[in-house]
Every structure is written in structure tokens, then in C-alpha cells.
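Chain residues, written in single-letter form:
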Amino acid sequence: MASDGTRKQFWKRSNSKVPGSIQHVYGAQHPPFDPLLHGTLLKAVPKVPTTPVKAKRVSTFQEFESNTSDAWDAGEDDDELLAMAAESLNSAVVMETAHRVLRNHSQRQGRHRPQEAVEPEQKPKPSPEPPVVPSGDLRLVKSVSESHASCPPEELRKLSWSGVPKPVRAVTWKLLSGYLPANADRRPATLQRKQKEYFAFIDHYYDSRNDEVHQDTYRQIRIDVPRMSPEALILQPKVTEIFERILFIWAIRHPASGYVQGINDLVTPFFLVFICEHADSEDVDVADVSRVPEDALRSVEADTYWCVSRLLDGIQDNYTFAQPGIQMKVKMLEELVRRIDEQVHRHLDQHEVKFLQFAFRWMNNLLMREVPLRCTIRLWDTYQSEPDGFAHFHLYVCAAFLVRWRREILEEKDFQELLLFLQNLPTAHWGDEDISLLLAEAYRLKFAFADAPNHYKK
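Residues numbered from 1 in each chain as written. Predicted model: local features only at pLDDT ≥ 70, side-chain atom pairs only at ≥ 80, totals over all residues. Heavy atoms only, no water.

Under an unreviewed UniProt entry, the protein has the name TBC1 domain family member 22A and belongs to Catagonus wagneri. Recorded in UniProt for the protein, the comment headed Function (unreviewed entry) runs: "May act as a GTPase-activating protein for Rab family protein(s)." (UniProt positions renumbered as here; feature names shortened; annotations may be inferred.)

The following block contains the structure:
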């Protein structure tokens, strides 16, 4: 067991990019705090309305309301979007899909390693042959490409859960996020209106980025953006400027949280998926954005802003002062793991590895720093198909992700090596099959525990 001096030495190491170095909690605004000492931060308190710092004169309430309509309001499509959000997945279909994935994987593993035993708690219950929806299902392509028909939200979610084909991923994500109306006839006008709104925000606020009140926010954004991946794309001047604008506008229009490290990563998947429609390279990570028409780039920028905003609306307590949403979710993850794999939980506890030391980043960056970007995009197909996917289903994905490494975790007998492993998990070669297996196991956990909230309590 590591001494207090050893743990402190490794906890204080910098967030180095050098492989094998223990990293501090990425994205924390403040030194990690003990939820028991700061319990009041986790309790629900009445929200105090906050007023954005004025970059220009706001003379009337109507003008103020118009300028901040995107911060918390769904816009004029409220009823339609709420109806879409209310549509849940067909649980039977997805549960059967999860069982099929797990069963097929177990059979393949059994053929390759006949001596290897499957632990009882990891073996799914027997179920009839499921109506599995393949990831490249042509029904999804057809359903989102028909120009004069409305997309049934439930059907779209069911088809998207197992993966969205690349040719229709952009429009599917816009529909699943609630950004585009389900009625195809209304989409062009919606896109035009939202693009106009976004660039009105740019005109209204962006010149204030070097004002004293905003300069710290803008400086931090300019530091963080060049550190993002994929570098070949992000470091192109036009892309860097787009990311800086999106992050700055979002930050000053959401003063309850402002900009926090980690939010920058959440922009990347949307931008990549949307720019893919216009890039002339099959590998969008290295696409030359300077060859994309200017009007197409403007559309991509506006669409990215609005979709990121809708994602963050559901998890904003992750990024408010002291990040109470993340603190609470890390605690929930710990209790869930204690229930589903007590041996792993006990092993980490015995070696004094705290969940906050590795799982904070999992929540702050939605696992984007733990798996390749191609896997993140596949993961988000399902997150957007699940009700509250980013806020709720992500917890079960993290639990399945941790237990996926149980053998390696149990083999490590040292605090330092355990933390090094958990902060540098070997996922560089992961692909769709690995993510499908992870999601299937996560759905099995959700199916077993979601209606039993006492599993979060000791």
C-alpha cells in the first residue's frame, strides 16, 4: 500500500502528455474537494437568475429576452421537440440487441479461448432471437433522406441506437439532438433562422473578447483549442477561429458556468460529423478545410454551436462552480461499481485509489480522452438515441468501461501502477465492435439497476 507521501507526490504531477505520467484531474476549476466537507454544494438550491455581462446596451426586457433566448429556451418548436424528447427507446428491442451482441461476443471468445470461463455475473440472461438493427441499416438512410416526410422520432431512435451510417449521420444527429424539426418541410427555414441568430451573436458579442471582463475567458480558450485533437484539423487557422468563436459565445451567454476546460472537447465530434458532408477527403481528420466553400463553413459553425448548446443544456451542472454534477456522478459511479463488481471496488479501496482521481475526467470529457475519436462518434450515436444519454446513460457506460478492465486492475498491486493504468487505458486500437460490446453491457446494467435507485446507497 502506498504511503501518504507517495500518493501526494504522484497527485501533484503536472498534466503531462508524456505516456506513463500520472495526470491531475483534467478540467477542474478548483482543487478537488471532499463532497463530505462541501456537502451543501451537492444539495439542490433555488437557482438565482443571472444576467450576462453586457457587451452592449440592453435597454428593455424584451431586448434582453431576445438576446438570451438560446440560453435555456427551446425556441418556437417547443412542443414538437419536447414530443421527440419524450419518445423513449423500445426497451425490448434494445435489450434484445444488447443480449445478441454479448452472446455473439461470448461465442467468438469461446471459440478462440475454449478454456476461458465466463463469470456468472457477466453472462447475459437467455433471451429469444432479437430483431437486431444493424449499424448500416438502409432503413435509416431512407428514413432521413426522404425530403417530404416527417421522421418518426421513436423509429429514428431505434434505428440509430446501434450506429448511424456515415452518409446520414449529420442530419440524424441534428434530428436526435432536437435541433432540426421532425417535419422535413420546416428544416430549411429552421437552419436559416438559427444560422442568422448565431452570427447575430457573433456581431453582438465577439468584439468584447479582449475587454477586461472577458479577456481571461478568451485567453484560456486560445490556450486550450490548439491542444485538442485531431491536431491536423484543429490547427488549421479557419478551424481554430471557428472553435474559438463557438466556445467564447457559448461561455458569455451561459454565465452560470462560463467556460470550463473540457467543454472544448465536446465541440469536436459535432464539427467533424458536420464538416464531413463538405470535405473532399475520406479521412476528415486531415481534410483541408480551406477548400470548403465559405457558406458551407458558416453552416457547419452555426450547426455545431446549436448542437453543442443543446448537449450542454442537459449537463450544465457538470460545469458550474465546483462542478457539483461531476462530483455527484463520480460518487454514483463508485456506488454502482460496488454493487456490480465488489471485488474491483474493494481492490481499488484497499490501495486507496479514489474514483475522483480517474473518473472525474471520464465525466468531464465524456470519455473523449479515454477512447479514439472514431469511437467517441460511434458512442454518441447511441447517447443521442437514449433519453438523457449524456447525463444518465453515460454513467452506466463508465461502469461497464471500468469493469471491462477488471482482470488488469486486479493484477496491479500498487497505488502508482493502478492510477497510471486507469489514466492511460489501452484503447488506441478500439473500433466499432469494442464500442458495441461496451454499450450492450451498459444497457444491461441500466436495465438491471435504473429502476432501483437504492443501488447508489451504501
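What follows continues from the structure just given.
Caption draft 1: Examining the nonpolar core more closely. Membership of the largest hydrophobic core comes to 108 residues, with the highest contact counts inside it found for Leu333, Leu348, Trp362 and Trp380. With eleven residues, the single largest contributor to this core is helix α19 (residues 389–403). (Core = buried A, V, L, I, M, F, W, Y, C linked by side-chain atoms within 4.5 Å. Buried < 20%, exposed > 50% of the residue type's maximum accessible area, 1.4 Å probe, protein only. Helix = DSSP H or I, 4+ residues; strand = E, 2+ residues; numbered from the N terminus.)

Caption draft 2: Inspection of the confidence of the model for the protein at higher detail. The pLDDT averaged across the protein works out to 78; a share of 65% of its residues lies at or above 70. Here residues 24–62 is a poorly scored stretch, pLDDT under 50, and it has 68 contacts once near neighbours within four places are set aside; other chains count. Segment residues 68–90 is flagged for pLDDT under 50; beyond a separation of four residues in sequence, or across chains, it makes 52 contacts in the model. (pLDDT = per-residue confidence, 0-100. Contact = heavy atoms within 4.5 Å.)

Caption draft 3: Here's a closer look at the pattern of salt bridges. On inspection of all chains with the given rule, the structure shows 20 salt bridges. Two residues, Arg245 and Glu301, come together in a salt bridge whose shortest N-O distance is 2.8 Å. Of the two residues, Arg245 is situated in helix α12 (residues 237–253) and Glu301 in helix α14 (residues 294–313); the sequence distance between them amounts to 56 residues. What makes Arg245 buried here is its relative accessible area of 19%. When the shortest N-O distance is used, the salt bridge between Glu370 and Arg361 registers 2.7 Å. Relative accessible area serves as the criterion here: at 11%, Arg361 is assigned to the buried category. Each of Lys174, Glu277 and Asp303 takes part in salt bridges that share partners, so that together they form one network. (Salt bridge = Lys/Arg side-chain N within 4 Å of Asp/Glu carboxyl O.)

Caption draft 4: Looking closely at helix α18 (residues 373–383). Of all eleven residues making up α18, ten are buried, and the element is well covered by its neighbours. Buried residues of α18: Leu373, Cys375, Thr376, Ile377, Arg378, Leu379, Trp380, Asp381, Thr382 and Tyr383, and no others.

Caption draft 5: Here's a closer look at the environment of Gly262. In this structure, Gly262 sits in the loop between α12 and α13 (263–275). Of the residues examined, Gly262 reaches a relative accessible area of 0% and is grouped as buried. Distance in space between the C-alpha atoms of Gly262 and Met368 is 9.4 Å, their sequence separation being 106 residues.

Caption draft 6: Quick peek at α19. Across its 15 residues, α19 extends 20 Å between first and last C-alpha, which sits within 8% of the 21 Å expected from 1.5 Å per residue. Of all the bends in α19, the greatest measures close to 30° and is centred on Leu395. α19 sits mainly inside the fold: 13 of its 15 residues count as buried. (Expected span 1.5 Å × (residues − 1). Bend = angle between axes of the 7 residues up to and from the residue.)

Caption draft 7: How the structure looks around the side chain of Lys174. Secondary-structure assignment places Lys174 in helix α8 (residues 166–176). Not counting residues within four places of it along the chain, the set of residues in contact with Lys174 comprises Tyr179, Leu180, Phe274, Glu277, Asp303 and Cys307.

Caption draft 8: Representation of unusual backbone geometry in the model. Following Ser229, the chain continues into Pro230 via a peptide bond in cis, with omega recorded as -5°. Tracing the chain through its elements places Pro230 in the loop between α10 (215–224) and α11 (231–234). Positive phi, normally seen in glycine, also occurs at Ala322, with a value near 65°. Relative to the helices and strands, Ala322 resides in the loop between α14 and α15 (324–340). Positive phi is not limited to glycine here, since Leu367 has a value of about 70°. Tracing the chain through its elements places Leu367 in the loop between α17 (356–364) and α18.

Caption draft 9: Up close: the side chain of Glu370. If you trace the backbone, Glu370 turns up in the loop between α17 and α18. Classification of Glu370 by relative accessible area gives buried; the value is 4%. Beyond its immediate chain neighbours, meaning those up to four positions away, Glu370 contacts Arg361, Trp362, Phe401, Leu422 and Thr427.

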